[in-house]
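Single-letter residue listing:
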Amino acid sequence: GNRTPPREQRAAMSALYGRQAGGAGAGRGAKGGAAGAKKNEAPKLEDFVSRRDWTGAITLIEFTNKAAGEQAAAAAAAATAAVAAAVAAAQAAEDGTKTPKQPAPAAAAAAAASSGGVNSEWLAYCLSHLGDFEKSAAVYQEMANKDETKPECHTYAACCLFNMGMYDEAEEEAAKNPKADENPLHVRLMMHLAHKKGGTEGEAKLNQYYAKLTDSLEDQLSLAAIHYRRTHYQDAIDVYKRILLENRDYLALNVYVALCYYKLDYNEVSNDVLNSYLQKYPDSAVAINLKASNHFKVSNGEAGEAELKRLTDLITSTDSARSFASNLVKHNMVVFRDGDNALQVLPPLLNIIPEAKLNLVIYFLKNDDIEEAYQLIKDLEPTTTQEYTLKGVALCCYGQKTDSKEHLKKAQTYFQLVGSSPMDCDTIPGRQCMASCFFLLHQFEDVLIYLNSIKNYFTDDDDFHWNYGIAKSCDGDFKGAEEEFLLIQNESYKSDYCYLSWLTRCYIMNGKAYQAWELYLKMDTSSESISLLQQIANDCYKMGSFFFSAKAFDVLEKLDPAPQYWTGKRGACIGVFQMVIAGVETRDRLRDVCSMLSTSTNQQSVASILSVIKKWAKDNSLLM
C-alpha cells in the first residue's frame, strides 16, 4: 500500500488541480507578514500550507470563517436596530419631534457577510490534500453553483470525485464546466477517466486526450501517472527522469521513480533512489513505507517490520502524519507478519488502500477459504500483473473446488495473458503464470520448461516443490518428483491426501513399494486410507511389486469381499510365487502369501493355488 507521501502531495496535486488557490492565498499571506508585527502574531494560512499541515490550515480557515460569521451576525443586528431607529425618526418627524442622527452600518454588514466565504477555495484545496475528497467536492460544488465566474470549480470537484472512485459522477461534474475545452486540467482528468473506463471506447478516448497534452510540467506528470497505471513502469521512469534533468530540485519525483523500480522488482535500485529523498526528508511516510516494502521483498517480514518502525515512531510523535500513515502501518504489518490479524485489519481498509483487497484475497486462499476469496475478487476488473495473476489463482482454486470447467478456462486465460505479455514474459511471476497456464492445459513438458528456468529462486518454497513434483510425476520423472516432494517441510502439506497419494506413486514407480506401504500404515482408517490402499494395490501390481499388491488387496477384500478384490489378490499372490521361482523374491514371502490366501472366502480357488505352491515348496525343500 504505497500512497502519495505528504511532501510529494503538493507537487502531485498541482499536476492534477493546477494552482487555483495559490495566488490569492499568497497575496493575503503577504499582507499578514508586514514588518513590525508583534512577537505573538496570529498564525498565517500560508505557514500551514508551506509545512503541509493541512489539518492546521483547515482549522484556521474554519475559525476565520466562524469569526466572520459572528461579525456578520452582529452587523446584521446593528443594521436591524438602525432600521428601527430610522422608522422611529420618521415617525418623530411627522410629529415634529427632533431625533439624533444615527450611523448607517449597512456597508459594514455587507462587508462582514462577504468575508465569511473568502477562504472557501483554500478550504477545498486543503481538504483535498488531506484526503477528505467528499467534503472538498462539496465545497467546490457550492462555489460553482453560487458564483458563475468560477466554472473551473466544477472541474476541481470532478477531480475529487475521481479520487473517490466515482468515475461516472466525475465525468458528469466535469461536463458542467462551460469552459472545459480551455482548461488543461479538464484534458488530464478526462484522459484518466478514459483509462478507468477501459475497453475499446476508453482506449479511443484516452488516445484522443493524449494527443492534446502539452510539454507543461502538469501534463507530463499526468502522462507519467497514466504510464504507471497501465503498468508501463519503464515509460513512467523515462518521463520522471526527463523532468528531473531539467528540475533537479524536484526531489519528490525520486519517490515516484523508486516506486516504479519497486514494481519492476528492482528493489535494491529502488532503495538507492529513495535514499536521496530520505536524506532531505527523513519523515516521509510513503518513502519509509516503500523502503520497508523493498526490505520485505529482498529479505523477509522481520526486515520490513524493522524499517517500518521508523514510520510507527513518526505516527506517535507527529499529529499531522497520523491520519496519513497509520493505515499504511496497519496494512503492511499484516503483510510482513504473513497475514497475522488480517481479518481485523484489512476489511476496514478495503476502500482506502487498494492492495488491502488483494492481500485479503491472498489470506483467504492461504487459509483454504476459497469461496470468500472468489466472492471478494470475482467483480474485480484486473489492470495490473498482480491483479491478473491473483484473479487467475482464485478462479483456478474455485474451479477445482466446484469442478467448473468455465472457471478453469478463465483462469488459464488470465495466466496466459500475463505469461505472454512482453513486459512480464521474462519475469519470474510471468514464467510462473505461463507454467500455470500449461498446467491447466495438461501440457506438462511445457510446464517443466518454465519451472526449470526459475527453480533456483525457490529452493525453500514448499508451494514450488509441490507443483514441480506433480509436473515431474505427470511427465514420468518419478525420481525427480520424489526428490521434490521430500523437500516439502510444511506439516499440513505432508499430511494432505494429495501429497501422500503422489509420494506413494513415486515410491512405487521408483521400486520402493515398502515405503509406500509404510505411508499407508501411518494413516488412520478413513475413506482416504482406503483410496490410498487401492492405489497401492493397483500401482504395485502394474510395477510387478506383487507382494505389497497382494497385501493391499488382502486388506481390501477383508473390508469388502467384492469379486474384483479377490481377482486382484489372486493374481498378485501368483505373481509373488512366480517371482520366488525366478529368484527375484525371497522364499519367505510364500509363507505370507499362503497365510493371505487361507483367509479368503473363495476357498475352492484357494485350494488349487495352495496345492501348487506347497508342492513346489516340498520339491525345493522349503518348510511351509
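Residues numbered from 1 in each chain as written. Predicted model: local features only at pLDDT ≥ 70, side-chain atom pairs only at ≥ 80, totals over all residues. Heavy atoms only, no water.

(A) How the structure looks around the environment of Val-257. Here Val-257 is to be found in helix α14 (residues 252-263). Between the C-alpha atoms of Val-257 and Val-273, which are 16 residues apart in sequence, the distance is 7.4 Å. Dropping the residues within four chain positions of it, Val-257 is found in contact with Ile-237, Tyr-240, Leu-244 and Val-273. (Helix = DSSP H or I, 4+ residues; strand = E, 2+ residues; numbered from the N terminus. Contact = heavy atoms within 4.5 Å.)

(B) Region of interest: unusual backbone geometry. A positive phi angle is found at Arg-52, which is not glycine, with a value near 60°. Along the chain, Arg-52 falls in the loop between α3 (45-50) and α4 (54-95).

(C) Structural view of the pattern of salt bridges. A full pass over the atoms with the stated rule returns 23 salt bridges. Note that Asp-132 is salt-bridged to Lys-135, the shortest N-O span being 3.9 Å. Residue Asp-132 is classed as partly exposed on the basis of its relative accessible area, which comes to 24%. The exposed category is assigned to Lys-135, whose relative accessible area is 51%. Across the pair Lys-366 and Asp-338 runs a salt bridge whose closest N-O atoms are separated by 3.0 Å. With Lys-366 in helix α20 (residues 354-366) and Asp-338 in the loop between α18 (319-336) and α19 (342-345), this pair connects stretches of sequence that are 28 residues apart. Each of the salt bridges in this network shares a partner with another, and the network as a whole consists of Glu-171, Lys-197, Glu-201 and Lys-205. (Salt bridge = Lys/Arg side-chain N within 4 Å of Asp/Glu carboxyl O. Buried < 20%, exposed > 50% of the residue type's maximum accessible area, 1.4 Å probe, protein only.)

(D) Geometry of the packing of helix α24 (residues 428-440) against helix α25 (residues 444-454). Closest axis-to-axis distance for the α24/α25 pair is 8 Å, and the angle between their directions is 160°. In terms of their interaxial angle, α24 and α25 are classed as roughly antiparallel. Here α24 and α25 pass one another in a crossing that is left-handed. Every residue of α25 that contacts α24 at Ile-428, Arg-431, Gln-432, Met-434, Ala-435, Phe-438 and Phe-439 is listed here: Phe-444, Asp-446, Val-447, Tyr-450, Leu-451, Ser-453 and Ile-454. For the contact of α24 with α25, the class distribution of residues is 10 nonpolar, 2 polar and 2 charged. (Axes fitted to C-alpha atoms, helices over the stretch in contact; angles between N-to-C directions. Parallel < 35°, antiparallel > 145°, perpendicular 65-115°, else oblique. Left-handed = near helix turned anticlockwise from the far one by under 90°. Nonpolar A, V, L, I, M, F, W, Y, C, P; charged D, E, K, R; others polar.)

(E) View of the nonpolar core. In terms of nonpolar packing, the biggest core is built from 78 residues, with Tyr-240, Leu-311 and Leu-451 touching the most fellow members. In terms of residues, this core owes the most to one element, α14, which gives 10 residues. What Leu-311 contacts, discounting residues up to four positions off in sequence, is Ala-285, Ile-288, Asn-289, Ala-325, Leu-328 and Val-329. (Core = buried A, V, L, I, M, F, W, Y, C linked by side-chain atoms within 4.5 Å.)

(F) Spatial organisation of the environment of Lys-212. Note that Lys-212 resides in the loop between α11 (199-210) and α12 (217-229). Among the residues examined, Lys-212 registers a relative accessible area of 45% and is labelled partly exposed.

(G) Quick peek at the packing of aromatic side chains. All told, the structure shown has 25 aromatic pairs when counted by the stated rule. With centroids separated by 5.3 Å and ring planes inclined at 85°, the aromatic side chains of Phe-439 and Phe-444 adopt a geometry described as edge-to-face. You can call Phe-444 buried: its relative accessible area is 14%. The structure contains a cluster of three or more aromatic residues connected by ring pairs, namely Tyr-514, Trp-517, Tyr-520, Phe-547 and Phe-548. Here Lys-472 stacks its cationic end above the ring of Tyr-468, 4.5 Å away from the centre of that ring. The lysine or arginine in question, Arg-589, covers the ring of Phe-547, its NZ or CZ lying 4.0 Å from the ring centre. (Phe/Tyr/Trp six-rings, centres within 6.5 Å; stacked < 30°, edge-to-face > 60°. Lys NZ or Arg CZ within 6 Å of the ring centre and 35° of its normal.)

(H) Structural view of the confidence of the model for the protein. On average, residues of the protein carry a pLDDT of 82, and 83% of them reach 70 or more. Taken together, the stretch residues 1-38 has pLDDT below 50 and engages in 92 contacts with residues farther than four places along the chain or on a different chain. Counting contacts from residues 92-118, a segment whose pLDDT is below 50, to residues more than four positions away or on other chains yields 22 contacts. (pLDDT = per-residue confidence, 0-100.)

(I) Spatial organisation of the side chain of Ser-136. Of note, Ser-136 is situated in helix α7 (residues 133-146). If sequence neighbours within four positions are ignored, Ser-136 has contacts with Ala-124, Leu-127, Ser-128 and Cys-160.

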